[in-house]
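# Secondary and tertiary structure notes
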Amino acid sequence: MSGKKIQRLRGFKDILPEETEKWQKAEEIIQKVFHQFNFKEIRVPVLEQNDLFQRSIGDVTDIVQKEMYSFKDRHGDTVAMRPEGTASVVRAYIENNLFYPPSVQKLYYFGAMFRYERPQAGRLRQFHQAGAEVFGSQEPYIDAEVIVALYTILRELNIENPTVHLNSVGCEVCRPNYLSYLKIFFEKNKEGFCPLCQERMLTNPLRVLDCKVESCKNLLSTVEGTYQHLCDNCDTHFEEVKKNLNLLGLTFTLDKFLVRGLDYYTKTAFEITSSSLGSQDAIAGGGRYDKLVEELGGPKTEAVGFAIGLERLISLMPEGRAGKRPDVYMISLGETAKEKAIKLLNDIRKEGFSGEINYQDSLKSSFKKASKGNFRFAILIGDEEVKEGVVSFKDLDAGEQQRISHNASEIIAQMQKLTP
Ligand code: HAM
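Bear in mind the structure is a predicted one, so any value in this text is a computation, not a measurement.

The subject of this paragraph is the side chain of aspartate 395. Along the chain, the position of aspartate 395 falls in strand E15 (residues 390-395). Other than its neighbours up to four places away in sequence, aspartate 395 contacts Arg376, Phe377, Glu400 and Leu418.

Domain boundaries in the chain define domain 1 (17-174 + 230-316) and domain 2 (328-414). One C-alpha centre belongs to domain 1, the other to domain 2; they are set 49 Å apart.

Most of helix H4 (residues 86-95) sits out of view: 9 of its 10 residues are buried. Among all positions of H4, only Thr86, Ala87, Ser88, Val89, Val90, Arg91, Ala92, Tyr93 and Ile94 are buried. Summarising the contacts, the buried residues of H4 are in contact with strand E2 (47-49), helix H2 (50-57), strand E5 (105-114), strand E6 (126-135) and helix H10 (292-295). Looking one or two residues beyond H4, the residue adopting positive phi is asparagine 97, at roughly 50 degrees.

This part covers the sheet that holds E6. Pairing is mixed in the open sheet, where 8 strands are placed in the order E1-E5-E6-E11-E10-E9-E7-E8. Two strands bound the open sheet, and with one partner strand each, they are strand E1 (40-41) and strand E8 (253-254). Sheet topology note: the E6/strand E11 (residues 303-309) ladder contains 7 bridges and is antiparallel. Paired with valine 134 across the two strands is valine 304, which belongs to E11. Across the sheet, helix H9 (residues 232-247) is in contact with strand E7 (163-168), E8, strand E9 (268-273) and strand E10 (282-288); its angle to E7 comes to roughly 160 degrees.

In this section: unusual backbone geometry. Geometrically, the link from tyrosine 100 to proline 101 is a cis peptide bond, its omega value of -5 degrees lying close to zero. Positive phi, normally seen in glycine, also occurs at asparagine 158, with a value near 60 degrees. Locating asparagine 158 in the fold gives a position in the loop between helix H5 (140-156) and E7. The phi torsion at asparagine 161 lies on the positive side, around 45 degrees, for a residue other than glycine.

The rules behind the values
- Residues numbered from 1 in each chain as written.
- Predicted model: local features only at pLDDT ≥ 70, side-chain atom pairs only at ≥ 80, totals over all residues.
- Heavy atoms only, no water.
- Helix = DSSP H or I, 4+ residues; strand = E, 2+ residues; numbered from the N terminus.
- Contact = heavy atoms within 4.5 Å.
- Domains from an automatic or database assignment.
- Buried < 20%, exposed > 50% of the residue type's maximum accessible area, 1.4 Å probe, protein only.
- Pairing = 2+ DSSP bridges.
- Axes fitted to C-alpha atoms, helices over the stretch in contact; angles between N-to-C directions.

Okay, structure coming up:
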């Protein structure tokens, strides 16, 4: 072989077998919790019309301006790899008339997302999300329930000390008032802000609020946040969300500057962070988006949802949550024994047990592999066993070995007896 090695793209990651067990565990728990909260799964395409994201996430957001994987397809249409799931789920909700008959729709999804960001710890160009979206209710209880579902996932996965940050970003009635308030403040203090903030004051002033530059943070310390400028309707809603969270026993921190990086939010906005994550500390984020369905051509439908960053979540899962351990390691020595072992393993698998066969190594190295692979049982068949119609059956946990009949049903019965 003399070909030049091809490497994966920057910001893209292979998830190798030693890690996938954790992924499967996380996916299993997330799915279980979604079902507990009566969500149903939806699967949407990775590629969509570019306009979908531009119109929903917003023209002046970083995602749309700098981070989209968009290109012209062979027909000349501008398409984009999804940078997030909400826009696609809303498109599917409208296109498939999921609003009919009128009822609350609770949907969840898993999938790869693509953002051309500068890669760093916790920030990838292809990453994965598990998300949930609830359509058709403006009830503040739903906002609280969605946050509690998210928190339940983290708790079930033993994620330590997650912090829930909560804010309300208002609506089309109160947002303009807040923006006027901010504009006056920015006009007076413009010079003290970093160049990026000075640019954002004109293009997307709310984003100035979560600038991480120390001098900007100092200047902002006296500024009031969005939830301090809500109209009566949003204020009542926010109070009710907090009341419901208290009712459900969930502790949260008010974060007046939490504005999120996507433009579609109205009212409730939230994020869950972990201090163990470093500078990219958000495990999950979400909020209410009561206008988006209408803006994308659907009927007036209120909605709220969130997405978890799975790479970040999995990096926080404690070690030792291994996946399912395999049941049988079949060791055969000699040609006749090999045939018998292959057939036996086939029967064992048909009963729902998992297994692997080794007919190439010595006895010693076979047993080494069985213990390294964390198998529960080893079954040894050599020519002598074949002659006598038995197998050597070893319980690898107890370290006990016995000879039993080579009859598949007897072996299976023995395994069932020893497997809880
Ligand atoms: P988001 O805050 O952009 O929200 O992303 C949600 C989560 O995805 C983040 O908290 C983070 O854990 C993860 N994430 C985002 N970008 C990256 C990246 N480059 N590398 C690794 N992980 C990343 C949304 O996407 C909204 N669609 C959430 C939502 C659903 N709002 C309402 N419904």
